[in-house]
Every structure is written in C-alpha cells, then in structure tokens.
Amino acid sequence: MKKIGKFLSSMGFAVALLVILAAACALSSLVEQGLTQETYAARYGEGIASVIMALQVNDAYHSVWFIVLSGFLCLNLILCNLIRFPAFVKRWRKEKDPEAVNTAGDLGDTETGSPEQVLSAMRMPDVKRCRTAEGREALFSNRNAIGQWGAWICHLGVLLLIAGFALGQMTLQETVIWGVPGDTRIMQETGLAITIDDFRTETREDASVAQYVTEITVTDPATGKSEQASVSVNHPAVAGGFHLYQNNTGPAASASVVRDGKEIQRKTLLPQQTMAESVLGLEDQPEYAFYFAGVRTMREEGQEERTLYLYDLYRSGVLQQGYYFLGEGSVTVGEDQITFTPRTFTLLVARKDRFAWLALLGGLITLAGLALAFYLQPKALWAVRQEDGKWILRGRCRKGKTLMKEQLEEAVRAAEKEEKQVAEH
Amino acid sequence: MQNTENILFTLAMIGYFAAMACSFLFVSVKKDGFAKAGEALQIVSLALHTGALVLRGLAAGRLPMTNQYEFATCFAWALCFVSLVFIRKYRFPVLSVFAMPIIFLIMGYAAMQSRDIKPLMPALQSGWLAFHVSTAIISYGAFGVSAALGAIFLLRGRIRENSFLDQHIPGEAKLDLIAYRSVCLGLLFLTLTILTGAIWAERAWGSYWSWDPKETWSLVTWIVYAVYLHLRLRRGWKGRAAAIFAVAGFVCVIFTYIGVNTLLPGIHSYA
C-alpha cells in the first residue's frame, strides 16, 4: 500500500501522465471533434473511423480515458502536496536558520576582508551575527525563503484549476435563446421570460461589422418584474444567475396567414430547425405549417448577387408547395394570403458555471506559484572569520548557483577595490 | 502613414539581416568589432521596428497585434528585445548568431502576410486583447531565445577546443542556466497568456475553455515545458538533454503559432 502511495505521488508518475495527456491532446486536436462515424469514414476510411469511435477520439476531452488520466493527475498532485508539505516546512525553516554557518554550502569558499560590504552588494543587508559550533564569529544572511514554496503553490493552483473546470463541466447549465425581435422565449432553468426587443448589426463606413447587439427584456413571471438589458459580443448580460452571451446571427423569416383581413397565424422560421421540429409530429398542429429551408445566393450576368429565401408550405400536415422569394413574398392558398418576410435571427447562449471562480482562482494561484518559484529563488550567504582575521564566504542557491557564484566573485572584487581606494586615501 | 511604416519595416528587416551578417562574421573572422557592430545594428533595427509598430498602431487606432502579419512582426520584435536583454545581461554576443536568423525568418514570414489594416471584428474588441497577445509575444520570444541557447549548447559540444569561442560563449553550466531562465520567463508568460485568454474567451464566447486547437496546443506547449522543468529536477536532465528539450519545445511553439492556424480549423482562425 505504501509502495502504491509512493508511486502515485511520485514525480515520475506525474511526468508520465503529463506526457500522455500532452500526446492525447495533440492527437485529438488533429481529429475534428463531435462528428459521426459516417463523416469520419468518409474522411479517413472505415478502419480509422472505427478506431476513432472505439477509442472515443471523436469526443476525446470528455472520454472515459481522458477523465481517468486527469483524475490520476489530480490524485498525484494531492498526494504529492500532502506528502511533501512537512518537508517544505522543514526546508523553509532551514532556509532561515543561521545554523548554515556550520556547513560548507555549495558555492565553494571565497575569501574577503569586508564581508558586510559583500553581503550588502549581494542585496542581503539583513545580517545576523552568530557563532559557529567551534566558536568562530560568523555572519549570516538569507533572502527569498518564501520562494521555495513556489512549486507547492503552483501544484495547488493546478489542482484547483482542474477541480474548478471539472466541477464546472459537471454542473454546467446551458441553454440557447434564439429568435427575431418580438419573440419571447421561456428559460426552462429559471422560468424567466426573455423577450427579444431588438437586434441590430452595427456596421462601420466600410460595411464591416462593428458589433452585434440584442436588446432584451427579462421578465420574472412569479413577480411580474421586468428588467431590460443589452447583450453584445464581449458584453454579456446577467439574468437569473445565468450569463447571456451574444453568440450567433443569420437569416430567418416570419410567416403570416391572413384570412378575411385578419391575421390568424404567425410563426418565426429559424434556419437551424429541422423539418421535424418545424412541421411534423405536432399534436396541436395548426392549419398551416412552414419549413424554412434556408437561403441561397444567386448572381445573374451583369447583376449584383441576390439572396433567395426558400420555404416549404404545409396545410393540415400535407406539403402544398415549395416557394422561393427574393425578399418578401406572398402566396394565396384558397381564401388565405400567406406572407413570408425575411428577418434576421439572434442567438443568445445562456450559461451558468458555478465553479468558474474556482478555476480562475486556481489559475491565479498557479501563476503566483510560478512567479515565486522562478523569481524568488532562496539564497543564503554566510561569512566565517578565520584565525588570521580574514573571512571566508560561503553560500547556497539551489537553482542558480553558477550565477550566484559569479555575482559573489564580482561583489568581492568590487569590495576589494573599494577597500584599496580607502587605504590609498 | 502606412507608407512610412512600410519603409521602417523594410529598413528594420535590412538592419536585422546586417546584424545577422555581423554576428556570423564575428564568429568566423573572430574580431570583437563585428560583435559590437552587430549589437549596435540590432539596437538600431529594433528602434526602427518599434517605429513601424507605433505607426501601425496609430494608423489602426489600436494595438497592432490582431492578424498574422501583426503578430509575426511583434513576435520578431519580442524575440529581438528578449535576446538583447539576455546578450547584455549575460555579456553573451554569440547568442545573436542563433537568435538573428530566427528573427529574420519570422520577419520574412511577416513580410509575406497581408499588411492591410482592417477594422476589428466584434470578438476582438476587448481590453483583454492587449494583455493576451502581448504576453503571448513575450512568451514566444523567451522560448525562441531558449531554443537559440539550446542550439548553442548542442553545437558547443561539437566544436573542438577554441579559445575564441571559450572566451565568448559561457561555460556549459551557465549556458544551461540561462536557457533554463529563458524557459522560466516563457512559461510564466505563457501561463499569463492562457489565463488572460480564458478570461477573455469567457466574455466573448461564453466559455473560458472550448478545446479549440489553439487553446489545446497552448496547453500542450505548457505541458511540454512543465515536463522540461520536472525532468531537470528529477533526473537531473540538464545540459544536453535540456538543450534538446528547449529546441523541441520551440517546435511546439511554432506549431501553436503557425501550424494550428494553417492546418487546424478553429475559433482562433484570425490569430
């Protein structure tokens, strides 16, 4: 059991997991996600399509094996941080302990006549006076002891980030609200009624799109309270704990049936709705049903490009005819006049991720951990007085001893030079 | 204004080429004067390059970091800036022998892209754009420098004893440490890039992580460098192994930058 725990918390296991996860992510990014086996077969052949489906590469990031790998990574991070915590505390205390003056350090010995000056030049002015075990006078200074917590904090951050992301995915509530101005949709999750008051595409002088803006009114049927909001790209609105994002737009249409001068039926036709959704299987099927088959562009010689709107018209569940119009168009069926009007739909995505804050916190902690680990590297310097009155400088720096040794030598030379100048004066 | 920007860009490119030539002459003719001339040319070219970027930013009315041309030219700028910092900080002129060709190639790639200034699409109109892209540029620049240092390390081992190179190239331990520090800088800024990108994506697309190929490859790059750091600690993968890793990691960076855009469709298609 102890052996298993040791293995699961080991750095070797962590590296193996990271390599496998990186390879899995890289390979999965080469395969378009979420397609059907038929589509993969058409692209890569039957054999590869079967492998893709069998290994769940079609939805790799939600597959069982990917979740298991991520789970093991979390377990490794938890165990590693728990097991290593006492060692970190011990090392942190040791970093600040002047007992180091009894050790040889890892920078070698450097002789100097003015240790305080050197320590100051090394930006270590906080000097403690002490004695070695042999009773020799010694000076000790350290800095950036906190930096040794960097790796631990970074691991904690990654763990929180993965936990926040996983919990967010598990509890995510998402729905789409789409329609044309005038439509009202009920958000099942909250019971709120969202009315699309207006949708506009703001353009610049060069006809490029500057912004997509949907004006909405959010009504709580329980209280009857209404609130207006504006949703645009990069500026989501909040309703009932959900964030509403401007997600898409495109051509839609509305159909209106007029009998004896009175509108008896009206419907918004959205392009992504399937034939079944639009026309079939409805118990309370109204007399007329419509299917919006989308738009096609056409260009005749010497003319500008024009957009055709295609519709199918059903009466009492039976297909009457297909129609296409350039812009608005009307047809007469018996005594009824049916008018098709081109519209533009807006699609809002409503999401509620309860754990996004945890993922963000994890990200920030990871960043802080990396900054600590990389830029606050613990350093310690000490000087021990020799019998001849000279001082021997020693020190330690786990990750940058080559540079620290160079800096130390430079500081010693500078101190010697200054000493010489003072003596000459 | 765009005309002046083009002139400055071309002059900067010529300057980078001249700096590259000087650095090659420095190691082949072995005269320190070429190193100084190369460094001076690099600084002048960087100033011209900065001028071109400022003019483009003024003409566009925004930070010039939104399309392939702008990102490439900023990437080259950052690589030049970071390499200059490392050259001066560690007194290491030979670094430019390896950094300048990368800078010149990226400038060449930028020159092949469309330089039209187009207004921003709605998703890009965000204050996060500046943070997200500038951190990515610094990160890529730092990884570029670490790859150059890795290449120097690998070549150093192949060159027979040469007093001139010994004098101008730091010892293996120091070279390894500088490359490590460069990776640290890159990884810190890559983390910042992913984080700012996630916050921005949440506001623009409604989801802070969508497994888009660009996001996925940024994560892959992050993991590759995280593995580099772990292996240094665990197996003492320093020196040669770390140098190979630094070069391989940069291949990953280049794929994230260019490969993903050209080979894999995704919502980052403009980047």
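Residues numbered from 1 in each chain as written. Chains lettered and ligands numbered in written order. Predicted model: local features only at pLDDT ≥ 70, side-chain atom pairs only at ≥ 80, totals over all residues. Heavy atoms only, no water.

A. Structural detail: the overall build of chain A. Scanning chain A from terminus to terminus reveals ten helices and 18 strands. Relative to a compact globule of 425 residues, whose C-alpha radius of gyration would be 22 Å, chain A shows 36 Å and is clearly more extended. In terms of overall dimensions, chain A has C-alpha extents of about 120 × 60 × 55 Å along its principal axes. Partitioning the intrachain contacts of chain A with sequence separation of at least 6 by distance along the chain shows that 57% fall at a separation of at least 24. As presented, chain A carries roughly 22,800 Å² of accessible surface, and 56% of it is formed by carbon and sulfur atoms. (Helix = DSSP H or I, 4+ residues; strand = E, 2+ residues; numbered from the N terminus. Rg over C-alpha atoms; globule rule 2.2 N^0.38 Å. Contact = heavy atoms within 4.5 Å. Areas by Shrake-Rupley, 256 points an atom, 1.4 Å probe, with all protein chains shown as cover.)

B. A look at the domain arrangement of chain A. When the domains of chain A are assigned, the result is domain 1 (2–73 + 163–170), domain 2 (96–144 + 377–424) and domain 3 (173–352). Between the C-alpha centres of domain 1 of chain A and domain 2 of chain A the distance comes to 52 Å. (Domains from an automatic or database assignment.)

C. Just the confidence of the model for chain B, in detail. Averaged over chain B, the pLDDT score is 88; the fraction of residues at 70 or greater is 97%. For this predicted complex, the interface score ipTM comes out at 0.85, alongside a pTM of 0.87. (pLDDT = per-residue confidence, 0-100.)

D. Here's a closer look at the sheet that holds strand β12 (residues 288–298) of chain A. Residue and element names in this part refer to chain A. Taken in spatial order, the three strands line up as β12-β13-β14 in an open sheet, and their pairing is antiparallel. Looking at the sheet topology across the chains shown, the edges are occupied by β12 and β14 (318–325). Between one strand axis and the next, the sheet turns through 15° on average, direction left out of account. Pairing analysis gives seven bridges linking strand β13 (residues 306–315) to β14, with the strands arranged antiparallel. (Pairing = 2+ DSSP bridges. Axes fitted to C-alpha atoms, helices over the stretch in contact; angles between N-to-C directions.)

E. View of helix α7 (residues 150–171) of chain A. The end-to-end C-alpha distance of α7 of chain A is 31 Å, a good match for the 32 Å that 22 residues give at a rise of 1.5 Å each. Among the residues of α7 of chain A, those classed as buried are Gly150, Trp152, Cys154, His155, Gly157, Val158, Leu159, Gly164, Phe165 and Gly168 of chain A. Buried residues in α7 of chain A make contact with α5 (64–96) and α9 (356–375) of chain A together with α8 (213–234) of chain B. (Expected span 1.5 Å × (residues − 1). Buried < 20%, exposed > 50% of the residue type's maximum accessible area, 1.4 Å probe, protein only.)

F. Inspection of the sheet that holds strand β7 (residues 209–220) of chain A at higher detail. Residues and elements named next belong to chain A. Here four strands make up an open sheet; going across it, the order is β5-β6-β7-β8 and the pairing antiparallel. Where the open sheet ends on each side, the last strands, each with one partner, are β5 (184–186) and β8 (225–232). Within the sheet, the average angular offset between the axes of one strand and its neighbour, ignoring direction, is 25°. Strand direction decides the pairing type here: β5 and strand β6 (residues 193–203), joined by three bridges, are antiparallel. Across the sheet, the residue bridging to Thr184 is Thr195, located in β6.

G. Quick look at the packing of helix α3 (residues 68–89) of chain B against helix α4 (residues 95–111) of chain B. Residues and elements named next belong to chain B. The N-to-C vectors of α3 and α4 enclose an angle of 170°; their axes lie 8 Å apart at closest approach. It follows that α3 is roughly antiparallel to α4 by the angle criterion. Residue-level contacts link Gln68, Tyr69, Ala72, Thr73, Phe75, Ala76, Leu79, Cys80, Ser83, Phe86 and Ile87 of α3 to Leu95, Ser96, Ala99, Ile102, Ile103, Ile106, Met107, Tyr109 and Ala110 of α4. Of the residues contributing to the contact of α3 with α4, the split by class is 16 nonpolar, four polar and no charged. (Parallel < 35°, antiparallel > 145°, perpendicular 65-115°, else oblique. Nonpolar A, V, L, I, M, F, W, Y, C, P; charged D, E, K, R; others polar.)

H. View of the environment of Lys36 of chain B. As for its placement among the helices and strands, Lys36 of chain B is situated in helix α2 (residues 32–60). C-alpha of Lys36 of chain B to C-alpha of Ile244 of chain B: the two residues are 208 residues apart in sequence and 29 Å apart in space.

I. Focus on the interface of chain B and chain A. Between chain B and chain A, the contact holds 46 residues from the first and 50 residues from the second. Each partner contributes to the roughly 4,200 Å² buried at the junction of chain B and chain A, and carbon and sulfur atoms together form 69% of this total. If you sort the residues of chain B by the area they bury against chain A, Pro122, Tyr208 and Trp211 of chain B come out on top, with a joint share of 15%. Linking chain B with chain A are two salt bridges, by the criterion used here. (Buried area = accessible area lost by both parts, 1.4 Å probe. Salt bridge = Lys/Arg side-chain N within 4 Å of Asp/Glu carboxyl O.)

J. Molecular detail of the packing of aromatic side chains. Taken as a whole, this structure holds 42 aromatic pairs over all chains when the rule is applied. When the centroid spacing of 5.5 Å and the interplanar angle of 65° are considered together, the rings of Phe75 of chain B and Tyr140 of chain B count as edge-to-face. Note that Phe75 of chain B is positioned in helix α3 and Tyr140 of chain B in helix α5 (residues 128–158), a separation of 65 residues in sequence. Its guanidinium or amino end placed over the ring of Phe88 of chain A, Arg91 of chain A lies 5.3 Å from that ring's centre, counting from NZ or CZ. (Phe/Tyr/Trp six-rings, centres within 6.5 Å; stacked < 30°, edge-to-face > 60°. Lys NZ or Arg CZ within 6 Å of the ring centre and 35° of its normal.)

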